[in-house]
Amino acid sequence: MTTLTTRRPTPQTPPTPEGRRHMIVRRWITAIVIVLLIGIPAGYLVISAEQSRASGRDKQAESAAEGLRDFWPSLMKRRIFEVPIPEGSTRVAYFETSNWKTSRLYVQFRTSAEGLDAFLEGVGTSRGALEAGKVTIGDRDAGVVGWNFGLEDRAWAGTVHTQKDPRPSQDITVDLTEPDHPWVYVVSTANP
């Protein structure tokens, strides 16, 4: 026969009352945790919303712009339209148009002779492809941004760099009146 022995519960000591200092520290820690858990995400949301609104305003201003903007196109635009503007170029300006069928990036800049060679190589052509006296940008495209290729006493040269869709094709016209500091005009057309 087995006997069951029951254990008596050990008497528990009553909890000591919390000291005032300990209570204040605990409340401060609780308050800090609440601020961190709520305040930081809320602050992040406010900053994120403001950045999003600012981005939307920038894109709206860009879309509403008419004619060339005196800024460098974003690196993303330069990559999409394959317009590698050389470092050190000045007087850079661009304009973009887009519809459901065709997107165009109009770019102008002034560069050095070496910059022109680097640009043409980056596009996939060379200075040898430039035809003297030829303007390859049509009147319609020139009119969109206010370019005037009818000026006399200018040493125009141009080439068309055609690529298979969806890669863009470029109409390039260069003003070689000052051979050491040519002006480059590009219309890059993409048909996605």
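Residues numbered from 1 in each chain as written. Predicted model: local features only at pLDDT ≥ 70, side-chain atom pairs only at ≥ 80, totals over all residues. Heavy atoms only, no water.

Asker: How should helix α3 (residues 113–123) be read in this particular structure?
Answerer: Residues three or four positions apart in an α-helix share a direction because the helix packs 3.6 residues into each turn. Among all positions in α3, only Ala113, Gly115, Leu116, Phe119, Leu120 and Val123 are buried. Seen end-on, α3 carries its buried residues on one side only, within an arc spanning 160°. Exposed residues on α3 whose side chains face more than 90 degrees from its buried face are Glu114 and Glu121. Those residues of α3 that are buried are in contact with β2 (103–110), β4 (156–161), β5 (169–175) and β6 (183–190). Note on α3: the residue one or two positions beyond its end, Gly124, has a positive phi of about 115°. (Buried < 20%, exposed > 50% of the residue type's maximum accessible area, 1.4 Å probe, protein only. Helix = DSSP H or I, 4+ residues; strand = E, 2+ residues; numbered from the N terminus. Arc of directions from axis to C-beta. Contact = heavy atoms within 4.5 Å.)

Asker: Please explain the pairing of β6 as it appears in this structure.
Answerer: Looking down a regular strand, the side chains alternate between one sheet face and the other. Burial within β6 is extensive, with 8 of its 8 residues counted as buried. Alternating positions in β6 separate into two faces, Trp183, Tyr185, Val187 and Thr189 on one and Val184, Val186, Ser188 and Ala190 on the other, with burial throughout. Relative to β6, β5 is paired through 7 bridges, and the arrangement is antiparallel. Its bridge partner being in β6, Val174 is matched across the sheet by Val184. (Pairing = 2+ DSSP bridges.)

Asker: Is there a simple way to explain the sheet that holds strand β1 (residues 90–98) in this structure?
Answerer: Remark on secondary structure: sheet strands pair via backbone hydrogen bonds, oriented parallel or antiparallel. Spatial strand order, β1-β2-β6-β5-β4-β3: 6 strands in an open sheet with antiparallel pairing. The two strands at the open ends of the sheet, each matched to only one other strand, are β1 and β3 (131–132). Together, β2, β4, β5 and β6 form the strand contacts of α3, whose direction differs from that of β5 by roughly 165°. (Axes fitted to C-alpha atoms, helices over the stretch in contact; angles between N-to-C directions.)

Asker: It is not clear to me how the side chain of Ser188 should be interpreted in this structure. Could you clarify?
Answerer: When you line up the elements, Ser188 lands in strand β6. Within the local environment of Ser188, its side chain forms a polar contact with the backbone oxygen of Phe81, the two atoms lying 2.6 Å apart. (Polar contact = N/O pair within 3.5 Å; in protein donor to acceptor, adjacent residues only side chain to side chain.)

Asker: Help me understand the pattern of salt bridges, please; the structure alone is not making it clear to me.
Answerer: It is possible for side chains bearing opposite charge to pair when their charged atoms get close. The final tally for this structure, using the stated rule, is 8 salt bridges. A salt bridge links Arg127 to Asp117; the nearest nitrogen and oxygen atoms lie 2.8 Å apart. Note that Arg127 is positioned in the loop between α3 and β3 and Asp117 in helix α3, a separation of 10 residues in sequence. The class for Asp117 is partly exposed, based on a relative accessible area of 36%. Asp141 serves as the salt-bridge partner of Arg140, at 2.8 Å between the closest nitrogen and oxygen. When its relative accessible area of 56% is taken as the criterion, Arg140 is described as exposed. Salt bridges sharing common partners tie together Arg104, Arg140 and Asp141. (Salt bridge = Lys/Arg side-chain N within 4 Å of Asp/Glu carboxyl O.)

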